Amino acid sequence: MKIRMVKSGLSICALCVAAGMSPAGAEELFYVSGAVGNALENFRETVKPWEEATGHTVTLVPMPASSSDQFAQYRLWLAAGTTDVDLYQTDVIWAPQLADHFVDLSDAAKDLIPQHFPSVIESQTVDGKLVALPLFTDAPALYYRTDLLEKYGKEIPATWEELTRTAQEIQDAERAEGAADLWGYVWQGNAYEGLTCNALEWIKSAGGGQIVEPDGTISVNNDAAAKALEMAAGWVGTISPEGVLAYQEEEARGVWQTGNAVFMRNWPYAYNLSNGDDSAVKGKFDVAPLPSGGDGSAATLGGWNVAVSKYSTKQEAAISLALYLSGPEGQKSTTLRNSNLPTITALYDDPDIAEQVPFVPRWKEVFEQAVPRPSAATKGKYNEVSAKFWSAVHETLSGTGSAAENLELLELDLSDIQGSGW
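Residues numbered from 1 in each chain as written. Predicted model: local features only at pLDDT ≥ 70, side-chain atom pairs only at ≥ 80, totals over all residues. Heavy atoms only, no water.

A word on the sheet that holds strand β11 (residues 285-288)
Alright, step 1. Ordered in space as β9-β10-β8-β11, the four strands form an open sheet in which the pairing is mixed. The two strands at the open ends of the sheet, each matched to only one other strand, are β9 (183-186) and β11. On average, adjacent strands in this sheet sit at an angle of 15 degrees to one another, irrespective of strand direction.
Alright, step 2. Where helix α7 (residues 160-176) meets the sheet, it contacts β8 (141-145), β9 and β10 (261-266), and its direction lies at approximately 140 degrees from that of β9. (Pairing = 2+ DSSP bridges. Helix = DSSP H or I, 4+ residues; strand = E, 2+ residues; numbered from the N terminus. Axes fitted to C-alpha atoms, helices over the stretch in contact; angles between N-to-C directions. Contact = heavy atoms within 4.5 Å.)

Focus: the domain arrangement of the protein chain
Accessible area lost upon the coming together of the parts serves often as the stated size of an interface.
Alright, step 1. Segmentation of the protein chain into domains returns domain 1 (28-138 + 302-372) and domain 2 (141-298 + 378-418).
Alright, step 2. Once you take the C-alpha centre of each, domain 1 and domain 2 turn out to be 27 Å apart.
Alright, step 3. At the interface, 29 residues of domain 1 touch 26 residues of domain 2.
Alright, step 4. Between domain 1 and domain 2, the buried area comes to about 2200 Å², and carbon and sulfur atoms account for 62% of it.
Alright, step 5. Counting across the interface, domain 1 meets domain 2 through zero salt bridges.
Alright, step 6. Run the count over domain 1 and domain 2 and you get five residue pairs in polar contact (both at pLDDT 80 or more).
Alright, step 7. Within the residue set of the side of domain 1 that touches domain 2, elements represented by two or more residues are α3 (67-79), α13 (328-338), α15 (359-362) and α16 (364-367). (Domains from an automatic or database assignment. Buried area = accessible area lost by both parts, 1.4 Å probe. Salt bridge = Lys/Arg side-chain N within 4 Å of Asp/Glu carboxyl O. Polar contact = N/O pair within 3.5 Å; in protein donor to acceptor, adjacent residues only side chain to side chain.)

Observations regarding helix α19 (residues 403-418)
Alright, step 1. Over its 16 residues, α19 extends 22 Å from the first C-alpha to the last, a length consistent with the 22 Å expected when each residue adds 1.5 Å.
Alright, step 2. Among all positions of α19, only Ala403, Asn406, Leu407, Leu410, Leu414 and Ile417 are buried. End-on view of α19: buried residues confined to an arc of 95 degrees, all on one side of the axis. Opposite its buried face, α19 presents the exposed residues Leu412 and Asp416, each directed more than 90 degrees away.
Alright, step 3. Positioned one or two residues after α19, glycine 419 has a phi angle of 60 degrees, which is positive. (Expected span 1.5 Å × (residues − 1). Buried < 20%, exposed > 50% of the residue type's maximum accessible area, 1.4 Å probe, protein only. Arc of directions from axis to C-beta.)

Observations concerning unusual backbone geometry
Alright, step 1. Located in the positive-phi region is isoleucine 211, a residue other than glycine, with phi close to 75 degrees.
Alright, step 2. Structurally, isoleucine 211 can be placed in the loop between α8 (193-205) and α9 (223-233).
Alright, step 3. Exposure remark for isoleucine 211: the relative accessible area of 3% places this residue in the buried category.
Alright, step 4. With a phi close to 55 degrees, serine 339 is a non-glycine residue in the positive phi region.
Alright, step 5. Mapped onto the secondary structure, serine 339 falls in the loop between α13 and α14 (351-356).
Alright, step 6. Of the residues examined, serine 339 reaches a relative accessible area of 0% and is grouped as buried.

Section: the pattern of salt bridges
Alright, step 1. Tallied over the entire structure, the rule returns twelve salt bridges.
Alright, step 2. The partner of lysine 154 in a salt bridge is glutamate 169, with the nearest N and O atoms 2.4 Å apart. Taken as a pair, lysine 154 in the loop between α6 (146-151) and α7 and glutamate 169 in helix α7 lie far apart in primary sequence, 15 residues in all.
Alright, step 3. We classify lysine 154 as partly exposed; its relative accessible area is 27%.
Alright, step 4. In this structure, the salt-bridge partner of glutamate 250 is arginine 253, at a minimum N-O distance of 2.8 Å. Taken together, the residues span about one helical turn, with glutamate 250 and arginine 253 both in helix α10 (residues 249-257) at a distance of three residues.
Alright, step 5. By relative accessible area, arginine 253 is classed as buried at 13%.
Alright, step 6. The network of salt bridges with shared partners includes Asp91, Glu193 and Arg373.

Brief notes about the side chain of asparagine 406
Alright, step 1. Inspection of the secondary structure puts asparagine 406 in helix α19.
Alright, step 2. Leave out the neighbours within four places in its chain, and asparagine 406 touches Ala392, Glu395, Thr396, Thr400 and Gly401.

A word on the packing of aromatic side chains
Alright, step 1. Enumeration over the complete set of coordinates arrives at 20 aromatic pairs.
Alright, step 2. When the ring of tyrosine 185 is compared with that of tryptophan 235, the centres are 5.3 Å apart and the planes differ by 90 degrees; the resulting orientation is edge-to-face. With a gap of 50 residues between them, tyrosine 185 in strand β9 and tryptophan 235 in the loop between α9 and α10 connect regions that are remote in the sequence.
Alright, step 3. Geometry around tryptophan 183 places arginine 175 over its ring, the cationic atom sitting 4.4 Å from the centre. (Phe/Tyr/Trp six-rings, centres within 6.5 Å; stacked < 30°, edge-to-face > 60°. Lys NZ or Arg CZ within 6 Å of the ring centre and 35° of its normal.)

Details of the environment of aspartate 223
Alright, step 1. With respect to the element layout, aspartate 223 can be found in helix α9.
Alright, step 2. Measuring from C-alpha to C-alpha, the distance between aspartate 223 and alanine 206 comes to 9.8 Å, with 17 residues separating the pair along the chain.

Examining the nonpolar core
One recurring pattern in soluble globular proteins: nonpolar side chains tend to sit buried together.
Alright, step 1. Residues Trp202 and Trp363 are the most contacted members of the largest nonpolar core, which totals 81 residues.
Alright, step 2. Sequence-distant contacts of tryptophan 202, defined by excluding residues within four places in its chain, comprise Trp160, Trp187, Leu195, Ala228, Leu229, Ala232, Trp235, Val393 and Leu397.
Alright, step 3. Phe43, Phe71, Leu87 and Leu130 belong to the second-largest nonpolar core, a separate cluster that totals 50 residues. (Core = buried A, V, L, I, M, F, W, Y, C linked by side-chain atoms within 4.5 Å.)

Points about the packing of α8 against α9
Alright, step 1. Closest axis-to-axis distance for the α8/α9 pair is 8 Å, and the angle between their directions is 125 degrees. Regarding the angle of α8 to α9, the classification is oblique. Note that α8 runs across α9; the crossing there is right-handed. In this structure, α8 uses Ala199, Trp202 and Ile203 to contact α9, whose residues at the interface are Ala225, Ala228, Leu229 and Ala232.
Alright, step 2. In terms of residue class, the contact of α8 with α9 is made up of seven nonpolar, no polar and no charged. (Parallel < 35°, antiparallel > 145°, perpendicular 65-115°, else oblique. Left-handed = near helix turned anticlockwise from the far one by under 90°. Nonpolar A, V, L, I, M, F, W, Y, C, P; charged D, E, K, R; others polar.)

Describing the pairing of strand β2 (residues 28-34)
Alright, step 1. Buried residues dominate β2, accounting for six of its seven residues.
Alright, step 2. In this sheet, strand β3 (residues 57-63) lies alongside β2 in parallel orientation, the contact comprising seven bridges. Directly across from valine 32, in β3, lies its bridge partner valine 61.
Alright, step 3. Relative to strand β4 (residues 87-91), β2 runs parallel, the two being bridged by two bridges. Bridging across to β4, valine 32 finds its partner in tyrosine 88.

Structural data, given as structure tokens:
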């Protein structure tokens, strides 16, 4: 498998030329995907058995880590009908917006579909067409330093208020002992889709709704939502560095994994990396459901899928790869290598996974608190909705306007986007 780097906004035609011709009777596929941690190396190992069995090869084209940037580039390529990309790795929320550009996999995957969580298959089905196959599902958790909580006799925070107090107390005490770079809590505060996920968790757990409710009602402008955002704004510069407003997942993990955070909000991929030999927190942490804001815990439902472009000239080979990656062998490999959460139910009882990635079965508790983003309610307008939401949240966190003021303006913006209907 080859890896080719490409910057957002560029055609990948040149990559096809650079890659050269595939062996006779075989195809070379181009697969685009975001990548964090050591995902590129792990993808190479995951697809190797498929490449050896079929004679085909895969060139992975890494995209920017920001899912917002990925989506923008995908739309450009798909709108142009490019034949250069055969498979797209897609966020769980993109199916309604990109469905017209992808092959219906319902028939090809008819024997595989029953092995997956029905809700995940449903999320990738648009107008009766299965437009993408699940690779893994996702829900964030609270990573916490077991050694530091034990040292100071603290319990795992059950509420955001408890997290704020505990983070501040341990941060102050450790700094007094010389740990000048330690922060209480790191998370994703950059203005991108990841901030939508974080802020949805704060608001939903406080009883402030889901931005737009399943019936299409715009609900975000309420006192509970405003209070939740003001709480988070209070973290910046106290228990979280001011630079958190530019953090995505990897920046937060970087602070955490060097031993400079008490708590971190992140996705499952960070678990194995945090236990790596190069990690300062190896063996010193665990995970728990995110804290409650007074109305229970909420974890934004995530996950990634693989779609076959209808513009691909190599659809047969591309479908074969999609079925492999979404099948038991492919999902088990990514679970073991990336600590991703499988969507094939039987893998939660797999002895190898239980031994090597023991937290996977325990993540079911996190999934019980999972909340979807309002992509189903807002349909093709979701990305506009999310961009307006994360912008309003970022303004609040940055001290530009109060939460109440920004949510009032956001409600007007969302009403404009809604128009006569979603």
